Amino acid sequence: MSKNEKLAKLTVEQKIKLVTGKDNWSTQGYEEQGIDSIKMNDGPHGVRAEYTDENGQRKFYLTTAYPCAAACASTWNRELVHELGKHLANECAYVGTDILLGPGVNIKRTPLCGRNFEYYSEDPYLAGELAASYINGLQENGIGSCIKHFAANNQEYDRGHISSEIDERTLREIYLKPFEKAIKQSQPWAVMCSYNRINGIYASQNKKLQNDILRDEWNFEGMVISDWGATHDRGLCLKSGLDVEMPHCKETFDELSDDLRKGLISESDLDIACERIIGTAEKIAHAKSKRNCVYDKKSNREFAEKIAEESIVLLKNDDGILPIKDNVKNIAVIGRFAEQPVAQGGGSAGVVTDEIESPLTFMRQRAESKYNISYAAAYLNGHPVCAPDCVGNAIATAAMADIVIVFVGDTEKTECEGIDRTSIKLHQYMEDVIHRVTAVNENVIVVIQAGSAIDMSGWINEVKGVLFQYYGGNSSGDALTRIIFGDICPSGKLAETFPTSLEDTPTAKFDSYPGNGPSVVYNEGLMVGYRYYDTAKVKTLFPFGYGLSYTSFEYSDMHLSSSDISNGEEITVSFNVKNTGECDGKETVQLYIEEIAPCTFRPRNELKNFTKVSLKAGEEKRVELKVGHDDFAYYSVALNDWHVNGGRYRIKLGASVEDIRLSSVVNVSR
Ligand code: BGC
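Only a predicted model underlies this, so the values are computations on that prediction, with no experimental measurement involved.

Colleague: Where do I start with the packing of helix α13 (residues 359-367) against helix α16 (residues 476-484) in this structure?
Modeller: Relative placement of two packed helices is described by the angle separating their axes and the distance separating the axes. Viewed as axis vectors pointing N to C, α13 and α16 meet at an angle of 45°, and their least axial separation amounts to 8 Å. The orientation of α13 relative to α16 falls into the category oblique. For α13 against α16, the interelement crossing comes out right-handed. Along its contact with α13, which presents P359, F362, M363 and R366, the element α16 presents G477, D478, L480, T481 and I484. Residues belonging to the contact of α13 with α16 are distributed by class as follows: 5 nonpolar, 2 polar and 2 charged.

Colleague: Help me understand the pattern of salt bridges, please; the structure alone is not making it clear to me.
Modeller: Pairing is possible between side chains of opposite charge, provided their charged atoms come close. If you walk through the whole model with that rule in mind, you get 57 salt bridges. Residue D53 is joined to K59 by a salt bridge in which the shortest nitrogen-to-oxygen separation is 2.8 Å. When its relative accessible area of 11% is taken as the criterion, D53 is described as buried. Measuring nitrogen to oxygen at the nearest pair gives 3.0 Å for the salt bridge that ties R301 to D354. Note that R301 is positioned in helix α12 (residues 297-311) and D354 in the loop between β12 (330-334) and α13, a separation of 53 residues in sequence. For D354, a relative accessible area of 18% corresponds to the buried category. Through salt bridges with shared partners, one network takes in R115, E118, E156, R159 and E417.

Colleague: Is there a simple way to explain the side chain of T551 in this structure?
Modeller: Along the chain, T551 turns up in the loop between β19 (540-542) and β20 (553-560). Of the polar contacts made by the side chain of T551, one reaches the side chain of N579; its length is 2.5 Å. Residues within four places of T551 in sequence aside, it is in contact with C489, N579, T580, G581, E582, C583 and G585.

Colleague: Please clarify how the sheet that holds strand β28 (residues 647-656) should be interpreted in this entry.
Modeller: Two strands in a sheet stick together by hydrogen bonds in their backbones, pointing the same way (parallel) or opposite ways (antiparallel). Within the open sheet, the 5 strands sit side by side as β21-β29-β28-β23-β24. Their pairing is mixed. In this open sheet, the two strands that pair with only one neighbour each are β21 (564-565) and β24 (606-615). Two elements, strand β23 (residues 585-595) and β24, share 9 bridges in a ladder whose sense is antiparallel. When the bridges of β24 are listed, Q590 appears paired with F610.

Colleague: What's the story with the sheet that holds strand β7 (residues 190-193) in this structure? I'm lost.
Modeller: Taken in spatial order, the 5 strands of this open sheet run β1-β4-β5-β7-β10, and their pairing is parallel. In the strand order of this sheet, the two ends are held by β1 (40-42) and β10 (223-225), each with one partner. Within this sheet the neighbouring strands show an average axis-to-axis angle of 30°, counted without direction. In this sheet, β7 lies alongside strand β5 (residues 144-150) in parallel orientation, the contact comprising 3 bridges. Note on β7: the bridge partner recorded for F150 is C193.

Colleague: Quick question: what am I supposed to make of the layout of surface pockets here?
Modeller: It is a probe the size of a water molecule, rolled over the atoms, that shows where empty space is left. When its volume is computed, the largest pocket comes out at roughly 820 Å³. Taken together, 30 residues form the lining of the largest pocket, with K177, K181, H629, D630 and D631 sitting closest to its centre. Taken together, the elements giving at least two residues each to the lining of the largest pocket come down to α5 (124-139), α7 (177-186), β24, β25 (620-628) and β27 (641-643). In terms of residue count, the dominant contributor to the lining of the largest pocket is α7 (5 residues). A class-by-class count of the residues in the lining of the largest pocket yields 7 nonpolar, 7 polar and 16 charged.

Colleague: Is there a simple way to explain the pairing of strand β11 (residues 313-317) in this structure?
Modeller: Where a strand is regular, its side chains alternate between the two sheet faces. Burial runs high along β11: 5 of the 5 residues are buried. The pairing of β11 with strand β16 (residues 465-468) spans 4 bridges and is antiparallel. Bridge pairing in β16 links V313 to F468.

Reading the values: the criteria
Residues numbered from 1 in each chain as written. Predicted model: local features only at pLDDT ≥ 70, side-chain atom pairs only at ≥ 80, totals over all residues. Heavy atoms only, no water. Axes fitted to C-alpha atoms, helices over the stretch in contact; angles between N-to-C directions. Helix = DSSP H or I, 4+ residues; strand = E, 2+ residues; numbered from the N terminus. Parallel < 35°, antiparallel > 145°, perpendicular 65-115°, else oblique. Left-handed = near helix turned anticlockwise from the far one by under 90°. Contact = heavy atoms within 4.5 Å. Nonpolar A, V, L, I, M, F, W, Y, C, P; charged D, E, K, R; others polar. Salt bridge = Lys/Arg side-chain N within 4 Å of Asp/Glu carboxyl O. Buried < 20%, exposed > 50% of the residue type's maximum accessible area, 1.4 Å probe, protein only. Polar contact = N/O pair within 3.5 Å; in protein donor to acceptor, adjacent residues only side chain to side chain. Pairing = 2+ DSSP bridges. 1 Å grid on protein atoms, 1.4 Å probe; cavity = no way out; pocket = protein on both sides within 12 Å on 5 of 7 lines; lining within 4 Å. Points joined across faces, edges and corners; volume = space filled by probe spheres on them.

Pasting the structure below:
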């Protein structure tokens, strides 16, 4: 039966039911008309799916919690994120999920956003590239992806009502760009609208976003679903391009029936949405027959570890304190998170899982008879103190050790959907533990489990080493241990700037967060993340793209395939990267462009490509990166389109945005 024949067989009542969802997680199915129900589940760091057991009890499948999106982004590894899609697909197939609700590509506008751990980056290019890899990985393996939250949901504070007031250029270049890239490069089967309003209009009933931009400009072919409970005027949503309301809500059925009776919506409005839903159900049916997924818990957990290995960022390593050297005998491990790590942030992204690896267990195993490991909890998870003498024990333990490793971080209560953080510092009791430990031992390494930037100004000068672990999911204990002992070289780099303090962030400088009353005005415009710090020359704690290694890399011999580029053309940037140290490692090279004499305001550097190169000690490789004419474009409000200013541009290759190693000039014609 063709799509049209199926549609023709539906009554009006059935059509309204189709666009209003069946229950919490599925759309309505109609066997007689050959329309399958579509099952969706969260996403994005694993599959959170429920079932009812033989006693009628509601249970969750125990699936794999992969490192959070912020961690995945710090791998800067498209292939790894693509492969993550494949692993997620086999878990989805196992639990019966057709569409996974992820990835989330909202831009990290402020480090306070409670969901930053669920998002990739402050940079639209990086977020869009990784999202496309994730989506392709899932969909090539027969599971649909639902990219979210469209759009400009950059804070949790008042997310259900607030209007993100954004000028057109900023909207296009920063907040819509990751969606645009991902839609064009991977055509996800679904898009989820956000809760907030954009320039006064709720995302769910925003015709400009859903129909004019997403469908007409970007050629999105799938269905648009609401975030859970994000609809307001359901008839208006339908006319503005929202296809399915989720979850099912009985009142909406009545509302749409009324709207139809009153002529506020027509049956053809319903038909358009139903056709898209039927089209998606057909895609799923077709994909099911092709699915070649084998559920293998062990391989999923091992893969989660592989991501963790590449996501951990070495931020500080004075005197080469890491990796632990052979002359070290006594290691003190301080902090409950060593034993019970915070593996995930809070909210709908939380995967129900088992067997979360404890770094302490792996460190003890790895130490064997070579090192003595002593441990003191120092605090309870999420609580400032444990027993009164608990911190005292920790200090005594630290005082006797050659090296101290202190575990600190945020928790799923402080970094959580629905609320923003109120501070970007560690809780005071954790800072106190660090101070007291550094007072008795000068060889201190801090391991941070958190989902977003942390202000370390209060203690960073007192410690020698800092490893940022993010929320690492099930299997990051072993990965962390292997980095600490030097079995592998750290290769994570920050996909977000770590500011020196909250006061230094652009939203603080421009007084543009969290907004007052009905709206939050994005006064900082394009000056988001490194675009601000780098252009305004504001000192950062750690810049975008930064991460240390145990080895060193040298860049040389940069060559452009042409010194001119015109509309529709591409140039190849080639260069050498050499591992000049003594251990094997991986280097992420970032390509930024800068317009030399802009007549229109431009951020100083903009990321336009990157690659991660794996090099044995002493090895050198020739690497190529492409840059297209479109990469030089900005969004012209006057033309209402992307536009390239003709002129000279610098193409730069850097180890971070603040560590540019090579550059060449190219002439760009309009
Ligand atoms: C979240 C979405 C999530 C949905 C379903 C909403 O509250 O914003 O990201 O997919 O719930 O759990």
